[in-house]
Amino acid sequence: MKEAVMSKAALSDNSEDYNFFESDKDKGIRITGSEAVVRSLLAEGVNTIFGYPGGAIMPVYDELYKYQDQLHHVLTRHEQGAVHAAQGYARVSGNIGVCIATSGPGATNLITGIADAYIDSTPIVCITGQVGSHLLGTDAFQETDVIGITMPVTKWNIQVTKSEDIPVVFAKAFYIAKSGRPGPVLIDITKDAQFSELNFEYKKCTNIRSYIPIPVIKINKIEEAAEIINNAEKPFVLFGQGVILGKAEEEFKQFIEKGGLPAAWTILGLSALESSHPLNMGMLGMHGNYAPNKLTNECDVLIAVGMRFDDRVTGDVSRYAKQAKIIHIDIDTAEINKIIKATIGIHADVKEALPMLTKLIDKKTHIKWIEEFYKLQQIEDEKIIQNDIFPTQGEITMGEVVHLISEKTDDNAVIVSDVGQHQMITCRYTKFKQSKSNITSGGLGTMGFGLPAAYGAKLAAPDRTVVAIIGDGGFQMTIQELGTILQTKVNLKIVVLNNNFLGMVRQWQEMFFDKRYASTVMDNPDFVAIAQGYGIKSKKIETRDNLSMDIQEMLDYDGAYLLEVIVAKEDNVFPMIPTGSSVAEIRLD
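Keep in mind the model is a prediction, meaning the values are calculated, not measured. (Residues numbered from 1 in each chain as written. Predicted model: local features only at pLDDT ≥ 70, side-chain atom pairs only at ≥ 80, totals over all residues. Heavy atoms only, no water.)

Participant: I tried to follow the overall build of the protein on my own but got confused; where do I start?
Facilitator: Looking only at helices and strands, the protein has 23 helices and 23 strands in total. Here the C-alpha radius of gyration of the protein, 24 Å, is about what a compact globule of 589 residues would show, namely 25 Å. Reported as C-alpha extents along the three principal axes, the dimensions of the protein are approximately 70 × 65 × 40 Å. When contacts within the protein are restricted to residue pairs at least 6 apart in sequence, long-range pairs at least 24 apart make up 78% of them. Surface summary for the protein: the accessible area is close to 22600 Å², and the carbon and sulfur share equals 50%. Here the protein contributes 57 positive and 74 negative side-chain charges, whose respective centroids are spaced 3 Å apart. (Helix = DSSP H or I, 4+ residues; strand = E, 2+ residues; numbered from the N terminus. Rg over C-alpha atoms; globule rule 2.2 N^0.38 Å. Contact = heavy atoms within 4.5 Å. Areas by Shrake-Rupley, 256 points an atom, 1.4 Å probe, with all protein chains shown as cover. Lys, Arg positive; Asp, Glu negative; His and termini not counted. Charge placed at Lys NZ, Arg CZ, Asp CG, Glu CD.)

What follows is the structure, encoded as structure tokens:
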């Protein structure tokens, strides 16, 4: 086996290092490697996978054909669609997403999604076919060194050349993908390993020597952090997706409620705390809310929970929260002190650390401090929000569309956004009542993510309304995935906010490049006609006269529906922290 390991997790490939349990009921049965792949997936509880067949993975697909009643395979229209769909599925379900592709171009087409999953800590297992082991290194037809290519963007990857290794590799892969800080794992299987036979026995992996996914909490760090919080006059909590991945939503709420701690979220942390909670102060970062950004540089204690101080959150690091003591809680020790030096770094699972911290902090309200947030919220509401979501004249705004969708779904929908201006607007104006409801590409910012991730999300939550909100640019990057919706007949709602621009780049060109709109104007096709060609009901809206009714019609329709909304061409997203500026220099116009 050819194996590559990232430094984040010291992972051994010695089978003696495993602690297994629950043997498969078919212990010792003689089967092919390709059937072992399918049986391994079933043993891990997988019931849905996304993929695209090809020569080097054909033996596995032949076995999938035999197991159609147990394992639902979704045929995407591009391998990138498969990996993004697996991401959407994983993010909504909380389980591991699985995708499959052939060798060469099939495998390389997965790379963008794998990189996206890596930076956003999404647990997925990617399976790729590979040329026969005797052809490795010969530049055979559709041979690519996918192990070398994916090494920087996987939590673990491995090449299997012997069928007997398949069960133990799959057990290890699923354990690694989900444990600790989650992430993508890739298994590359040579064609001869798929054809040859083995005595199949499956045992789940629960432990790997030298890999400690859940760190042991240092009690003295908790005690020191509690003392700092108890002495704070202006404490402020920043929370990220770590709260969701750690399934610590309730523990987090109890923590901030006892301490009377105002809290703000990163875009991947959105929905971990219900939007209406009085301590929810909104969105951090470049296009976040005015109050949490301004007051970051006025708090005396900054408590970071399950977030990594991304540059879009911090702005100029040299001027970020210099007045504050920093408490950073994260399951990945590499994130602590990486960007912002912590006064107290707590290397821990948030689900374990937060109750311990909550027990030691004093019950407080911090009323005067919280009123400072409310005052700044009022300024933003008057100068920006009211005009964004309740315009009385002019062209349709992105904000009013997003606000109406949130309102009409009673803040209970799963909202999947692509990347660009509409993404920031969606995060700003969608409200949520339950966790795992905001799905978007965070760290990598992948245009084309939205559509495939949305149908993955819908398959993970068939009883929930799922709405994909996509810009005209990103939509055309994976527009072929309408074919997947046609074939699966998934009941997905798609809203394309069309301004005939690459809007986010255009906004920067307007503000910082004297309106030189270099290569950002888009001549778009007839999206409605394209959707209809895929058998999807669709409508185009150009005025707000019937906007509310048309959105309701889309939501009420029993089936996939595409709603194209023509929005203002030069509608900018504010507030905004210009590149290189301090968070306190956030602009309202």
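Participant: What am I meant to see in the pattern of salt bridges here?
Facilitator: Pairs may arise between side chains of opposite charge once their charged atoms sit close together. Tallying each qualifying case throughout the model produces 21 salt bridges. Where Glu197 meets Arg30, a salt bridge forms, and the shortest distance between an N and an O atom there is 3.3 Å. Highlighted residues: Glu197 in strand β10 (residues 197-200) and Arg30 in strand β3 (residues 29-32), separated in sequence by 167 residues. The partner of Arg516 in a salt bridge is Asp514, and the shortest N-O contact between them spans 3.4 Å. Comparing Arg516 with Asp514, the two get one shared label, exposed. Where salt bridges share partners, they join Arg181, Asp332, Glu335 and Lys338 into one cluster. (Salt bridge = Lys/Arg side-chain N within 4 Å of Asp/Glu carboxyl O. Buried < 20%, exposed > 50% of the residue type's maximum accessible area, 1.4 Å probe, protein only.)

Participant: What should I look at first to understand the sheet that holds strand β15 (residues 301-305) in this one?
Facilitator: Hydrogen bonding along the main chain pairs the strands of a sheet, whether they run parallel or antiparallel. Taken together, six strands build an open sheet; the order of strands is β14-β13-β12-β15-β16-β17 and the sheet is parallel. In this open sheet, the two edge strands, each paired with only one partner strand, are β14 (280-283) and β17 (344-347). Direction aside, neighbouring strands of the sheet carry axes that sit 15° apart on average. Inspection of the sheet shows strand β13 (residues 263-265) paired to β14 by two bridges, in the parallel sense. Looking at β14, one finds that Ala263 is bridged to Asn280. (Pairing = 2+ DSSP bridges. Axes fitted to C-alpha atoms, helices over the stretch in contact; angles between N-to-C directions.)

Participant: Just to check I follow, could you spell out the side chain of Asn280 for this structure?
Facilitator: Positionally, Asn280 belongs in strand β14. On the basis of relative accessible area, Asn280 is assigned to the buried category, the value being 10%. Within the local environment of Asn280, its side chain forms a polar contact with the backbone oxygen of Leu273, the two atoms lying 3.5 Å apart. Polar contacts involving the side chain of Asn280 include one to the main-chain carbonyl oxygen of Glu274, which spans 3.3 Å. Among all residues touching Asn280, those that are not within four sequence positions of it are Ala263, Trp265, Leu273, Glu274, Ser275 and Gln377. (Polar contact = N/O pair within 3.5 Å; in protein donor to acceptor, adjacent residues only side chain to side chain.)

Participant: Sorry, what's going on with the packing of aromatic side chains here?
Facilitator: We describe a pair of aromatic rings using the distance from one ring centre to the other and the angle between the two ring planes. In the structure shown here, the tally under the stated rule is 12 aromatic pairs. Consider the rings of Phe309 and Tyr320, whose centres lie 5.9 Å apart with planes at 80°: the pair is edge-to-face. Of this pair, Phe309 sits in the loop between β15 and α13 (311-314) while Tyr320 sits in the loop between α13 and β16 (325-330), and the two are 11 residues apart along the sequence. Neither Phe309 nor Tyr320 differs from the other in exposure class; each is buried. (Phe/Tyr/Trp six-rings, centres within 6.5 Å; stacked < 30°, edge-to-face > 60°.)

Participant: Quick question: what am I supposed to make of the nonpolar core here?
Facilitator: Buried together is how nonpolar side chains tend to be arranged in soluble globular proteins. Core analysis: the biggest nonpolar cluster contains 100 residues, and Phe252, Phe255, Leu302, Val305, Ile327 and Val565 have the highest contact counts within it. Among the elements that line this core, the one with the most residues is helix α15 (residues 367-389), at seven residues. If we skip the residues at most four places from it in the chain, Val565 touches Ile396, Val401, Val495, Val496, Leu497, Asn498, Ile541 and Leu547. Core analysis: the second largest hydrophobic core is formed by 49 residues, Ile114, Cys126, Ile485 and Ala560 among them. (Core = buried A, V, L, I, M, F, W, Y, C linked by side-chain atoms within 4.5 Å.)

Participant: Teacher, can you tell me more about the domain arrangement of the protein here?
Facilitator: Interface size is commonly expressed as the accessible surface area that is lost when the partners come together. For the protein, the assigned domains read domain 1 (6-200), domain 2 (219-373) and domain 3 (396-566). On a C-alpha basis, the centroid separation for the pair domain 2 and domain 3 is 31 Å. Domain 2 puts 16 residues into the contact, and the matching count from domain 3 is 19 residues. In total, about 1400 Å² of surface goes out of reach between domain 2 and domain 3, with carbon and sulfur atoms giving 61% of it. Of all residues in domain 2, Ile267, Ser271 and His287 bury the most surface against domain 3, accounting for 38% of the area lost on that side. Counting the contacts that link domain 2 with domain 3 gives zero salt bridges. Applying the counting rule to domain 2 against domain 3 returns seven residue pairs in polar contact (both at pLDDT 80 or more). In terms of residue class, the side of domain 2 that touches domain 3 is made up of eight nonpolar, five polar and three charged. (Domains from an automatic or database assignment. Buried area = accessible area lost by both parts, 1.4 Å probe. Nonpolar A, V, L, I, M, F, W, Y, C, P; charged D, E, K, R; others polar.)

Participant: It is not clear to me how the sheet that holds strand β21 (residues 493-498) should be interpreted in this structure. Could you clarify?
Facilitator: Strands sit in the order β19-β18-β20-β21-β23-β22 across an open sheet of six strands; the sheet is parallel. Either end of the sheet is taken by a strand with one partner, and the two such strands are β19 (438-439) and β22 (537-541). Along the sheet face, helix α16 (residues 398-408) touches β18 (414-417), β20 (466-471), β21 and β23 (561-566) and points at about 165° away from the line of β21.

Participant: Even after reading the chapter, I still don't get the environment of Gly559, so can you show me in this structure?
Facilitator: Position of Gly559 relative to the elements: it lies in the loop between α23 (547-556) and β23. Considered as a pair, Gly559 and Asn491 are 68 residues apart in the sequence and their alpha carbons are 4.3 Å apart. Contacts of Gly559, omitting those with residues within four sequence positions, involve Asn491, Leu492 and Lys493.

Participant: When you look at the pairing of strand β9 (residues 184-190) in this model, what are you seeing that I'm missing?
Facilitator: Strand residues, when the strand is regular, have side chains that alternate between the two faces of the sheet. By the criterion of burial, β9 is predominantly enclosed, with seven of the seven residues buried. Going residue by residue along β9, you find Pro184, Leu186, Asp188 and Thr190 tucked away on one face and Val185, Ile187 and Ile189 tucked away on the opposite face as well. With seven bridges joining them, strand β7 (residues 124-130) and β9 adopt parallel strand pairing. Residue pairing across strands places Ile127 opposite Ile187, the latter belonging to β9. Two strands pair when backbone bridges link them, and strand β8 (residues 156-160) and β9 are joined in this way by five bridges, in the parallel orientation. The partner of Asn157 across the bridge, within β9, is Leu186. Note that the unit made of β8, helix α7 (residues 166-178) and β9 has a crossover that is right-handed. (Right-handed = clockwise from strand over helix to strand, strands pointing away.)

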